[in-house]
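Structural overview
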Amino acid sequence: MSVSKSSLILRRVTESRLFFPFVALALILLFDLVTVPGFFRIYTREGNLYGNLIDILRNGSTVSLLAIGMTLVIATRGVDLSVGAVMAIAASVAALLMNPYVLAKELPPHIMKFMTDPHFTYQPLWVVILVTLIVAAICGLWNGILVAYGKIQPMIATLILMIAGRGIAQLITNGVRIQIFYEPYAFIGQGWIVLPFSLYLVAIVFAVAWLLTRRTAIGMFIESVGTNSRSSFYSGIDEKKIKLLAYTFCGLCAGIAGLVESANIKTSDAFNMGQTKELDAILAVVIGGTLMSGGRFSLLASIVGAWVIQAITTSMYAIGVPAFALQAIKGVVVILVILLYSEQVRNLVQRLTVQKGA
Amino acid sequence: MMSDEYIIEMRGIDKAFPGVQALSKVDFFLRRGEIHALVGENGAGKSTLIKVLTGVEKPDAGHIILDGEEVRVRSPLHAQELGITTVYQEVNLCPNLTVAENILIGREPKRLGSINWKAMNAQAKEILQRLDVNIDVTKPLGLYPVAIQQMTAIARALEVASARVLILDEPTSSLDMHETDQLFRVMRRLKSEGVAIIFITHFIDQVYQISDRITVLRNGRLVGTFETASIPRLELIAKMIGRSLTELDEMSQIKLESRKHIKGEALMRAKGLGFTGGIEPFDLELHAGEVLGLAGLLGSGRTELAQLLFGIEKPDSGVLEMEGEEITRFSPLASIGRGVALCPEDRKEAGIVDDLTVRENIILALQASRGWFKYLSKQQQYEIADRYIKLLNIATPSADQPVKNLSGGNQQKVILARWLATNPKVLILDEPTRGIDVGAKAEIQRLVLSLAEEGKACLFISSELEEVLRTSHRIAVLRDRKKVTEFSGEVDEHRIMQAIAGGEA
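Note that the structure is a prediction, hence the values are computed from the model and not measured.

Each helix and strand in chain A was counted, giving 17 helices and 6 strands. In terms of overall size, chain A behaves like a compact globule, its C-alpha atoms giving a radius of gyration of 22 Å where 358 residues would be expected to give roughly 21 Å. Judged by the C-alpha coordinates and their principal axes, chain A covers about 80 × 60 × 35 Å. Looking at the 358 residues of chain A, the share that counts as buried comes to 51%. The long-range fraction of contacts in chain A, counting pairs at least 24 apart against all pairs at least 6 apart in sequence, stands at 78%. In the structure as shown, chain A presents an accessible area of about 16,400 Å², 68% of it carried by carbon and sulfur atoms. Once the 26 positive and 16 negative side-chain charges of chain A are each reduced to a mean point, those two points are 9 Å apart.

Structure, rendered in structure tokens:
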């Protein structure tokens, strides 16, 4: 009796969507355990936790945020290539709202002295955040309109903003890289309350996304539209509104990621901000087991996917792979991770669990 | 010697899937140059047997002897090399490639390393001509009707492997009468060339029309193999469904009884309703408690009429009234709100959402009508799903099974359940029994009548005239995208056939 029960649990674990992302993560950490002594050491400083594991979580938070929004978009059988550019737009908007004086040619001296003051901001923080997020959501809405109502292929539709977005971000700041000195803003990316502050943001956005999709019918509708849009239409589901929501939410997530990233590096770097982050986000979703062809999705699995990517990067640095070789190595590891997902490996795991059960 | 008579001998085939014994000790013998019908209800094991024969599945036990020699079929490709080739129910071709490309892809005639298009087109044309099909092979396949696509699939199957055995899996389920005849001509020609054909179908008429012998499977077991000429129709059906046929006769009794419930006032009324390119303006009334049958050939405008009533298409002429009020908003969502439901003809494309569970598929339309935020609780969802699984006799291990794992007939029932869950007043059923087995067909027909008895108005569309006759109180006939006539009361098949066929008949 107990044997069959434990085998049943084993079956349920291996068939869960979270199983493979966690296995991938575990394998990478296992690698660290063997090759990097002290990799798992976590120490406290002023009551806050530090260490490689915390670094993985903290540095992975931008991609985690993007991956949450990207999951919904990919589940509708779409993709959003513009999230990196939207991060840049968000950073530019936020930086400009805090310090619009950088654009002026000449400034009176009494204002000049505020420029590097860590307590100075032109607009209050809540206005900065609110306006930035509204702008980011509008970017997402734009993508959604092109895809849902313009019926443009998602890859092409979002490519427009991917390319134009960086230009817009630079236009906003008139091509200037605005340095950010305002400390409360920097806290978003650099702050620590026992754990890094950005982790709490990830948790909040995840919770909101989860409630929005799993405590309402939206999640099922997204999966239905992504699996078979014609059947969904015949069943009375408004595919356009669902897509609009997914892209808008994705833009919003990109906006939050832009806040975190710019607060972390304390500058609005319209050119480099979020470069290739859209690809990491897509990869995170894929590692999380959501298919590019849409349908079933798991938000948590996508976040684990983001951690997997970050764990690869952090591990490579830890064993001393130089930065320029990182991308190539990352590619190899990604191939290995994707191999884990192959039918052969899945069947093998299933056979093993069935044998154990028998 | 045995091997002279049979091209294929399958002996004692066993195959189990987790939880199901799909085949147990099945023998199947195929003679050279015969047309052999393989029949049985859904889940009888027909597909599995074919999959074993074509190397898609490996048998747990048993032998396959091809042309006197035992073989182990390793893969579908290997099967093709052995001369066994299959044309599946759903056409597996590329609609955006030309007909010629579809036939010859992977084996294009080459000249100097590049494709010799002229030779390729000529070759494709010739192959098709062998099947009596004369079309422009340089046009994309998708432009042609399903029948031509089917012929193309057969042409490809014959071309790829110099086939000795051709397996046709439900080839006629989307063909109309003429197209079916054309296919049968091709089958007879191939037979005379010595090709042995395994013909899987749900249409009993066609079994008798074309086959030499019949093998019946039921629940994964062999019931028997019979000479077509020596087994009467009723006996065959009894063997297939393994239960008495009297219940089928009960139907006409139920129908007569239920006639009493028909209300005089029209629930839904179309006046001069039509849309260009779809269906010409027509008048139609649907009454509560009534089953209105819609007969006509494929392409006669049946589906378009249904789509118009359900708001998939918007009319450009006429008025549609629901309970005396004129309808202005045409969309599926608005229709669901009015109490109209449509089970679409194309179960795979427009019906099921295959990755979602049975439960989710059942509540989908109901939830859509409630909107995003009035989410049915899990408990309510299970209640609804379990109720309809029981009511419609849906064979599924649980409500959480992905609907793609169900057989065709059960998928159809899931879609029916989806619409019944919205508690519609008007239920439009477009080919609800296509591609499903005799038993499930009877169940669905009975269900339609009992729904009418409950006071729903049903529009029943089917290409099987017998079925329309059996279930409908009144029958409207479409021809060439026009409503031509309407019959009520007792009508004989012959008069309707004349109406369907039009002037020529």
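It is worth spelling out the overall build of chain B at this point. In terms of helices and strands, chain B carries 19 helices and 22 strands. For chain B, the C-alpha radius of gyration of 24 Å lies close to 23 Å, the compact-globule estimate for 505 residues. Taking the principal axes of the C-alpha coordinates as reference, chain B spans close to 70 × 50 × 50 Å. Taking all 505 residues of chain B together, the buried fraction comes to 56%. Residue pairs at least 24 apart in sequence account for 67% of intrachain contacts in chain B once pairs closer than 6 positions are excluded. Here chain B displays about 21,500 Å² of accessible surface, and carbon together with sulfur accounts for 49% of that area. Charged side chains in chain B number 62 positive and 70 negative. The centres of these two groups are separated by 3 Å.

This part takes up the pairing of strand E4 (residues 61–66) of chain B. All names here are of chain B. Relative to E4, strand E1 (residues 6–17) runs antiparallel, the two being bridged by 5 bridges. Pairing of Glu9 across the sheet is with Ile65, part of E4. Sheet analysis places E4 next to strand E5 (residues 69–71), joined by 3 bridges and oriented antiparallel. Paired with Ile64 across the bridge in E5 is Val71. Between E4 and E5, which pair antiparallel one after the other, the connecting turn spans 2 residues, and Asp67 there sits at a positive phi close to 55°.

Turning to helix H11 (residues 218–227) of chain A, a few remarks are in order. Burial runs high along H11 of chain A: 10 of the 10 residues are buried. Within the span of H11 of chain A, buried status applies to Ile218, Gly219, Met220, Phe221, Ile222, Glu223, Ser224, Val225, Gly226 and Thr227 of chain A. Buried residues belonging to H11 of chain A abut helix H4 (61–75), helix H10 (197–214), helix H12 (229–234) and helix H13 (239–265) of chain A together with helix H14 (358–370) of chain B.

Attention now goes to the domain arrangement of chain B. Each assigned domain of chain B is listed here: domain 1 (2–241), domain 2 (263–339 + 424–505) and domain 3 (353–423). Placing a centre on the C-alpha atoms of domain 1 of chain B and another on those of domain 2 of chain B gives a separation of 34 Å.

All names here are of chain A. Within the secondary structure layout, Ser61 lies in helix H4. With 143 residues separating them in the primary sequence, Ser61 and Ile204 have C-alpha atoms 12 Å apart. The residues touching Ser61, leaving out its near neighbours within four places in the chain, are Ser198, Val202 and Val260.

The next thing to look at is the pattern of salt bridges. Residues and elements named next belong to chain B. What the rule picks out here adds up to 29 salt bridges over all chains. Between Lys15 and Glu57 there is a salt bridge whose closest N-O contact spans 3.8 Å. In this pair, Lys15 sits in strand E1 while Glu57 sits in the loop between helix H2 (46–53) and E4, placing the two residues 42 residues apart along the sequence. By relative accessible area, which is 9% here, Lys15 ends up buried. Exposure remark for Glu57: the relative accessible area of 21% places this residue in the partly exposed category.

Core analysis: the largest hydrophobic core is formed by 172 residues, its most contacted members being Tyr185 of chain A together with Ile362 and Ile428 of chain B. Ranked by residue count, the leading element in this core is H13 of chain A, at 12 residues. Leave out the neighbours within four places in its chain, and Tyr185 of chain A touches Ala94, Met98, Leu125, Val128, Ile180, Leu259, Ser262 and Ala263 of chain A. Counting residues in each nonpolar core, the second largest holds 38 residues, with Leu93, Val133, Ala155 and Met187 of chain B among its members.

With that out of the way, let us pick up the sheet that holds strand E19 (residues 426–430) of chain B. All names here are of chain B. Within the open sheet, the 6 strands sit side by side as E18-E19-E20-E15-E21-E22. Their pairing is mixed. Each edge of the open sheet is held by one strand with a lone partner, namely strand E18 (340–343) and strand E22 (482–488). Averaged over all pairs of adjacent strands, the angle between their axes in this sheet comes to 15°, without regard to strand direction. Running over the sheet, helix H16 (residues 408–420) touches E18 and E19 and is turned about 170° from E18. Contacting strand E15 (291–295), E19 and strand E20 (457–461), helix H17 (residues 438–453) runs over the sheet at an angle of about 155° to E20.

This paragraph deals with the pairing of E20 of chain B. Residues and elements named next belong to chain B. Counting buried residues in E20 gives 5 out of 5 residues, a clear majority hidden from the surface. The side-chain alternation of E20 yields two buried faces, one formed by Ala457, Leu459 and Ile461 and the other by Cys458 and Phe460. Bridge count for E15 against E20 is 4 bridges, and the pairing is parallel. Opposite Leu292, over in E20, you have Leu459 as the bridge partner. Sheet topology places E19 next to E20; 5 bridges connect them, and they run parallel. Across the sheet, Leu427 pairs through a bridge with Cys458, a residue of E20.

Right, let's talk about the packing of H14 of chain B against helix H15 (residues 378–391) of chain B for a bit. Residues and elements named next belong to chain B. Relative to each other, H14 and H15 sit at 100°, their axes nearing to 9 Å. Put simply, H14 runs roughly perpendicular to H15. The segment H14 lies against H15, with Val358, Arg359, Ile362, Ile363 and Leu366 engaging Lys378, Gln381, Tyr382, Ile384, Ala385, Tyr388 and Ile389. Of the residues belonging to the contact of H14 with H15, the class tally is 9 nonpolar, 1 polar and 2 charged.

Enumeration according to the criterion identifies 0 disulfides over all chains in this entry. Cys139 of chain A takes part in no disulfide bond, and the closest cysteine sulfur to it belongs to Cys250 of chain A, at a distance of 11 Å. Under the relative-accessibility criterion, Cys139 of chain A is labelled buried at 10%. With no disulfide partner, Cys458 of chain B has as its closest neighbouring cysteine sulfur the one in Cys343 of chain B, 9.9 Å distant.

What counts, and where the lines are drawn
Residues numbered from 1 in each chain as written. Chains lettered and ligands numbered in written order. Predicted model: local features only at pLDDT ≥ 70, side-chain atom pairs only at ≥ 80, totals over all residues. Heavy atoms only, no water. Helix = DSSP H or I, 4+ residues; strand = E, 2+ residues; numbered from the N terminus. Rg over C-alpha atoms; globule rule 2.2 N^0.38 Å. Buried < 20%, exposed > 50% of the residue type's maximum accessible area, 1.4 Å probe, protein only. Contact = heavy atoms within 4.5 Å. Areas by Shrake-Rupley, 256 points an atom, 1.4 Å probe, with all protein chains shown as cover. Lys, Arg positive; Asp, Glu negative; His and termini not counted. Charge placed at Lys NZ, Arg CZ, Asp CG, Glu CD. Pairing = 2+ DSSP bridges. Domains from an automatic or database assignment. Salt bridge = Lys/Arg side-chain N within 4 Å of Asp/Glu carboxyl O. Core = buried A, V, L, I, M, F, W, Y, C linked by side-chain atoms within 4.5 Å. Axes fitted to C-alpha atoms, helices over the stretch in contact; angles between N-to-C directions. Parallel < 35°, antiparallel > 145°, perpendicular 65-115°, else oblique. Nonpolar A, V, L, I, M, F, W, Y, C, P; charged D, E, K, R; others polar. Disulfide = S-S within 2.5 Å.

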